[in-house]
Every structure is written in C-alpha cells, then in structure tokens.
Amino acid sequence: MATFIVRVQLTVERQSDYTRVRDGLLNIGFTKRIKSSDGIEYRLPNGNYKIESDRTGAEILTAVQQVVFRIDRTPMILIAEVKPKGLTWSGLERC
C-alpha cells in the first residue's frame, strides 16, 4: 500500500468551494490528518490531503479530478507518493 499526499488549488478561491472539495475527498477515503511516529495526529494545511491506497498515482489523480472538476474545471492538482516514514513537517496543528 502506498501513501499519497494530494494538493488541490482552485482557480477561483472561495472557501465554500474548498469546503465542497474537502467533503468530496473525505467521502472517497482521503483524510486531512497525518500521524507522527509517537501516534499524535496533526491536521494537514488547507488544500492538502492524504490517502493510503493500492492504486497508482494516475488512478488517485483521476479520483481527485472526478471530485474537483464538479467544482472547478481548471484546478491545479499535485499528487506525490511518499515513502514509508518519509513525511516530516513543522508547525502543523494537533488534532
């Protein structure tokens, strides 16, 4: 199973649209949380999501597009596969 970090930026940035994106991605298995090695969960920044999946990056992109294209036809979407224990961060809020 691979871990992917997804970044979505809409062309016209309205909070209500980002809420719709968030809700749509959460409904298909994405999360806004990451967990540290000591088990503490942190909230990802706005527009960022995580998913663990057996799908490829291209398949993850297609799933994200199916949600986001209903809201914005020209979003910027970045999909990055991260290696196990390959995430490091600073300044994220605890959940």
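Structure first, text after, so check above.
Calculation rules
- Residues numbered from 1 in each chain as written.
- Predicted model: local features only at pLDDT ≥ 70, side-chain atom pairs only at ≥ 80, totals over all residues.
- Heavy atoms only, no water.
- Helix = DSSP H or I, 4+ residues; strand = E, 2+ residues; numbered from the N terminus.
- Expected span 1.5 Å × (residues − 1).
- Buried < 20%, exposed > 50% of the residue type's maximum accessible area, 1.4 Å probe, protein only.
- Arc of directions from axis to C-beta.
- Contact = heavy atoms within 4.5 Å.

Engineer: Mind showing me how you'd approach helix α2 (residues 57-68) here?
Structural biologist: Along its 12 residues, α2 runs 16 Å from first to last C-alpha, staying within 8% of the 16 Å computed at 1.5 Å per residue. Where α2 is concerned, the buried positions are Ile60, Ala63, Val64, Val67 and Val68. In an axial view of α2, the angular spread of the buried residues amounts to 130°, which keeps them on one side of the axis. Residues of α2 that are exposed and angled more than 90 degrees away from the buried face: Ala58 and Gln66. Residues of α2 that are buried in the fold lie against β1 (2-9), α1 (15-27), β4 (48-53) and β5 (76-82).

Engineer: Quick question: what am I supposed to make of the environment of arginine 94 here?
Structural biologist: Relative to the helices and strands, arginine 94 is located in the segment after β5. With sequence-adjacent residues up to four places away left out, arginine 94 is seen in contact with Ile40, Glu41, Tyr42 and Arg43.

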